Amino acid sequence: DSQLNPDYSFMNFIEGDCNRLARSAGLAVAENPGGTAFNPLVLFGDSGLGKTHLAQAIGLKTKELYQDKTVLYVSSNKFQTQFTEAIRNNNKNDFLHFYQMIDVLIIDDIQELAGKEKTQNTFFHIFNHLHQSGKQLILTSDKAPIELKGMENRLLSRFKWGLSADLQNPDYETRVRILQQKAYKDGIVLDNEVIEYIASQVTNNVRELEGALISLLAQSTLNKKELNLELAIGIIDKLVKNTKRELSIDYIQKVVCDHFSLPIDVLQAKTRKREIVQARQIAMYFSKTLTKASLASIGSQIGKKDHATVLHACKTVNNLMDTDRGFKTQIDEIDKKLKM
Ligand code: ADP
Ligand code: MG
């Protein structure tokens, strides 16, 4: 089993200026796996721009053209888990052997291997073995290889052997064509003005574009309303407002400092003054509840702390909210300011 999703085909992948190079490199790789200069092919770009889709499309196309080739798609997290289990069960050689037999190996989200030295080391050996045997590697990452942190240099230098192609945010015309294709695929008839309205408002990434279309459909079905421009405007405007709500950690720190009349850089200072420690904890708590940032990333942005400090801060704030009314009022006030 290749772990490939048939929906993620080249046919369903709309081409635009935002993805032309990545797409054509991908097609070239699928037509001649291991035989082009694009080895490894590294697809990178922000979340929701089509890395997984395109990587899978390459796998699907390869399988279609070369039935006898083994293609495997695996997320970095799954690779990591399999590796840990293999070590625990004393099966490391089986693990290596399994991966070294593959003709086209697709590893998604390699940034997830950051800091995992043993996994990286094993992947390094797999990479070398496959590359030397003329097998194809396809990797995806949320950053360009040069910007990846926590990766071994010898791996990074290998990532640069082939081609790194980025996926960018689609322009308006491409967004329109993506929406048309999604609607068509789902058998929905949508007025052009509705499609154009969505494409003009939902501009962050393709995943949100799809999400907007799905909410629109769900609302019109549930409320038995005709899916016209008026309905679209109401629903899309609300959606866009909500996604813009994604606050930045900088902004949260600023609001918290303003609230306590503290200078903003004080949260970055190495001080154990009680009021500052508490303001920092509150900023961490809001960063955890109102953004998608990881504990580690919150810690590194607020006073260069580690993830355990952030976790502790969240617990402390939650406890205080339960036990201290005055504190709870403060938190509610900050919450209101953040959501203004
Ligand atoms: P990433 O892996 O970069 O986070 P995905 O590959 O999961 O992004 O893409 C998010 C969604 O957007 C998927 O449902 C995918 O099918 C869709 N998508 C992305 N790019 C395109 C495109 N060019 N044409 C059609 N659908 C796309
Ligand atoms: Mg992905």
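Look above for the structure.
Residues numbered from 1 in each chain as written. Chains lettered and ligands numbered in written order. Predicted model: local features only at pLDDT ≥ 70, side-chain atom pairs only at ≥ 80, totals over all residues.

Draft legend 1. The arrangement of the packing of helix α3 (residues 76-88) against helix α4 (residues 92-100) in detail. For the pair α3 and α4, interaxial distance at closest approach is 7 Å and the crossing angle is 145°. Here Gln82, Phe83, Ala86 and Ile87 of α3 lie close against α4, whose contacting residues are Lys92, Asp94 and Phe95. Among the residues making up the contact of α3 with α4, the classes are represented as four nonpolar, one polar and two charged. (Axes fitted to C-alpha atoms, helices over the stretch in contact; angles between N-to-C directions. Helix = DSSP H or I, 4+ residues; strand = E, 2+ residues; numbered from the N terminus. Contact = placed C-beta atoms within 7 Å. Nonpolar A, V, L, I, M, F, W, Y, C, P; charged D, E, K, R; others polar.)

Draft legend 2. Summary view of unusual backbone geometry. Residue Pro40 is bonded to the preceding Asn39 through a cis peptide linkage, with omega at 5°. Not every positive phi belongs to a glycine, and Gln3 is a case in point at roughly 65°. In this structure, Ser261 is a non-glycine residue whose phi angle is positive, near 50°. The residue Ser261 is located in the loop between α11 (249-259) and α12 (274-290) in this model.

Draft legend 3. Main features of the environment of Lys225. With respect to the secondary-structure elements, Lys225 resides in the loop between α9 (206-222) and α10 (229-244). Residue Lys225 is classed as partly exposed on the basis of its 13 C-beta neighbours within 10 Å. In this structure, the C-alpha to C-alpha distance between Lys225 and Gly134, residues 91 residues apart in sequence, is 56 Å. Beyond its immediate sequence surroundings of up to four residues, Lys225 is in contact with Ser220 and Leu231. (Buried ≥ 20, exposed ≤ 12 C-beta atoms within 10 Å, placed from the backbone.)

Draft legend 4. Inspection of the nonpolar core at higher detail. Counting 57 residues, the largest nonpolar core has Leu43, Leu105, Ile138 and Ile198 as the members making the most contacts within it. Both of domain 1 (20-166) and domain 2 (172-244) provide at least three residues apiece to this core. When residues no more than four places from it in sequence are discounted, the contact partners of Leu105 are Leu72, Tyr99, Leu130, Lys135 and Leu137. Counting residues in hydrophobic clusters, the runner-up holds 17 residues, among them Ala279, Ile282, Ala313 and Val317. (Core = buried A, V, L, I, M, F, W, Y, C linked by C-beta atoms within 7 Å. Domains from an automatic or database assignment.)

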